[in-house]
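# Tertiary structure, described
Listed below, chain by chain, are the residues.
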Amino acid sequence: MRGLNKVTLIGNLGNDPEVQKLQDGVTVAKFSLATTESYKDAKGQTHSTTDWHSIVLWRGLAELAERYLRKGSLIYVEGRLKTRS
C-alpha cells in the first residue's frame, strides 16, 4: 500500500506573494499563510493559536497568485507537504 501526502489549509496571507521568473521562464510565487485555531478552556475563556506555513506555487498558479492575492486575503490551499530545513 502506498502512502498519502495531502494537506488542506484555509487561512490568511501574511504578506503579498513574492513572485519570481526563473531563467527558463517558469513563474514561482512564495508567501506565508496563517492558520488560526480557537478553542474554549474549562473556564469558558477563548484561546487561539496561530501556525505559519510557507507556501510555494508554480507556473499558472503562481501567475494567478500574483494577479489576485494580497496580504490578508483568505484562501483555501490544497497540496502536498514538503519539509525543508
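This text goes with the structure placed above it.
Residues numbered from 1 in each chain as written. Predicted model: local features only at pLDDT ≥ 70, side-chain atom pairs only at ≥ 80, totals over all residues. Heavy atoms only, no water.

Attention shifts here to the overall build of the protein. Per the secondary structure count, the protein includes one helix and five strands. Across the protein, helices and strands are ordered from the amino to the carboxyl terminus as β-β-β-β-α-β. The C-alpha extent of the protein, read off along each of the three principal axes, is 55 × 40 × 25 Å. With 85 residues in all, the protein has 24% of them scored as buried. Pairs at least 24 apart in sequence give 55% of the contacts found in the protein among residues at least 6 apart. Side chains of the protein give 13 positive and 9 negative charges; the mean places of these two sets differ by 4 Å. (Helix = DSSP H or I, 4+ residues; strand = E, 2+ residues; numbered from the N terminus. Buried < 20%, exposed > 50% of the residue type's maximum accessible area, 1.4 Å probe, protein only. Contact = heavy atoms within 4.5 Å. Lys, Arg positive; Asp, Glu negative; His and termini not counted. Charge placed at Lys NZ, Arg CZ, Asp CG, Glu CD.)

What follows is about the pairing of strand E2 (residues 18-21). Of the pairings in the sheet, the one linking E2 to strand E3 (residues 27-40) comprises four bridges and is antiparallel in character. Bridging from a neighbouring strand, Val19 pairs with Ala29 of E3. Taken together, E2 and the strand that follows it, E3, pair antiparallel across an intervening segment of five residues, in which Gly25 is found at a positive phi of about 90 degrees. (Pairing = 2+ DSSP bridges.)

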